[in-house]
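# Close look at the chain arrangement
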Amino acid sequence: MTILVTGGAGFIGSNFVLDWLAENNEAVINVDKLTYAGNLQNLEGVMASNRHVFARVDIGDGAAIADLLTTHRPRAILNFAAESHVDRSIHGPAAFIETNVVGTFRLLEAARKYWSELEETERQQFRFLHVSTDEVYGSLSATDEPFRETNRYEPNSPYSASKASSDHLVRAYHHTYGLPVLTTNCSNNYGPYHFPEKLIPLCIHNALAGKPLPIYGDGQQIRDWLYVKDHCSAIRRVLEQGRLGETYNVGGWNEKANLDVVKTLCAILDELSPRKDGASYSSQITFVKDRPGHDRRYAIDARKIEQELGWKPAETFESGIRKTVEWYLSHQEWVSNVTSGAYQSWVGQQYGA
Ligand code: NAD
Ligand code: TYD
């Protein structure tokens, strides 16, 4: 048995592939275009495994995806591949439309053809699981109830609008063609292999480098943080037990204001790797210009996945954030390869420009 994962060299995808191979006997076909966010160093431990096949392919390349499907005959496709950074989507939305909308469409087309030609039993068992975000629901006020699966889609950034589009396409392929789809909408993840342009790894890196810790606006924007390994276990649960055509919100019940997240990071760093001058890393906190259209609050109501599928996160924010800081402290070489761009020259050598 085999599954096909897209975006498996990115932050969440690589955590998923590593956990999958550690916990299952089933092989993984890992399809990733290796954009700036894809890093094969994340997969160092499994690149030699005969249960891991890596293919540098764009999800929008229908012919290449079709080849992979007919060669490896996976029982499921899990779509993690996306352009994922809100700030980048503000500066250059085109890539988000290309991958998140057109790419998902092409992947769905390839999946539909492959699935429709499977034998009856395989057809029944096949799944297309689409990994999405809570950002499709827009922004909450301080008193609004957390997002439920029935909330209206109100995306506010080019990123969230492109993810919302992809969710709609996935839904339509179920209703129109019967493709056996599942969608997960998850809150902000953190943990190992998180690219250091996102808040948590950026602040750990900047703190240790003696640089400012940039807080957008007043730092009172709220995110609902989930440890990445918990997200991966939720996806495995939905894949095996989710009801076809359903969406599941995945969250950690951990609403935190950005400023509090950064202060927590600073306190853990003060303890584990104190500054030579004895000052707290929190003295590096610097308020900077806010992000345009910055969503004020995200919060997930994760009762459906808990009640229907019995899934709950294993980590609290306190345990997960400590593990994350420890991971970054013990993987400084990974961080410097990413921040120096060395991981990309390796890709260049391996694959050409
Ligand atoms: P990421 O940016 O770290 O990784 C994305 C991966 O997709 C990279 O390896 C990249 O090379 C690959 N990719 C990009 N375009 C591609 C294409 N056209 N074809 C093939 N591969 C391509 O993102 P992430 O944080 O790991 O997010 C994974 C998924 O989870 C995304 O769909 C994202 O929307 C969703 N999500 C992320 C979060 C979060 O907090 N990071 C929260 C909820 C949902
Ligand atoms: P980010 O990690 O980019 O995730 P998202 O925008 O998808 O939620 O940002 C998390 C929060 O942190 C978001 O409210 C923006 C804020 N932020 C900062 O305050 N400073 C920063 O340097 C970054 C990257 C983000």
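Just above, that's the structure.
This text gives an overview of the structure that appears in the document. (Residues numbered from 1 in each chain as written. Chains lettered and ligands numbered in written order. Predicted model: local features only at pLDDT ≥ 70, side-chain atom pairs only at ≥ 80, totals over all residues. Heavy atoms only, no water.)

Let's shift gears to the nonpolar core. Membership of the largest hydrophobic core comes to 67 residues, with the highest contact counts inside it found for Phe16, Leu78 and Ile305. When near neighbours in sequence (up to four residues on either side) are disregarded, Phe16 contacts Ile3, Val5, Leu78, Phe80, Cys232, Ile235 and Arg236. (Core = buried A, V, L, I, M, F, W, Y, C linked by side-chain atoms within 4.5 Å. Buried < 20%, exposed > 50% of the residue type's maximum accessible area, 1.4 Å probe, protein only. Contact = heavy atoms within 4.5 Å.)

Turning to the site of ligand 2, a few remarks are in order. Near ligand 2 you find 15 residues, and of these Glu135, Pro214, Arg223, Arg291 and His294 are the closest. Contact distances for ligand 2 include 2.6 Å between an oxygen atom and a side-chain N or O atom of Glu135. Contact distances for ligand 2 include 3.2 Å between an oxygen atom and a backbone N or O atom of Leu199. Relative to its unbound accessible surface of 510 Å², ligand 2 loses 96% to contact with the protein. Elements supplying a minimum of two residues to the shell around ligand 2: α7 (199-208) and β8 (213-216). Ranked by residues supplied to the shell around ligand 2, first place goes to β8 with three residues. Of the residues in the shell around ligand 2, the class split is six nonpolar, four polar and five charged. (Near = heavy atom within 4 Å. Polar contact = N/O pair within 3.5 Å; in protein donor to acceptor, adjacent residues only side chain to side chain. Areas by Shrake-Rupley, 256 points an atom, 1.4 Å probe, with all protein chains shown as cover. Helix = DSSP H or I, 4+ residues; strand = E, 2+ residues; numbered from the N terminus. Nonpolar A, V, L, I, M, F, W, Y, C, P; charged D, E, K, R; others polar.)

On inspection of all chains with the given rule, the structure shows 23 salt bridges. Lys33 is paired through a salt bridge with Asp58; the nearest N and O atoms lie 3.5 Å apart. Of this pair, Lys33 sits in the loop between β2 (27-31) and β3 (52-55) while Asp58 sits in the loop between β3 and α2 (62-72), placing them 25 residues apart in sequence. Beyond isolated ion pairs, a larger network of salt bridges with shared partners links Arg243, Glu246, Lys304 and Glu308. (Salt bridge = Lys/Arg side-chain N within 4 Å of Asp/Glu carboxyl O.)

By themselves, these are just geometric observations and shouldn't be taken as functional.
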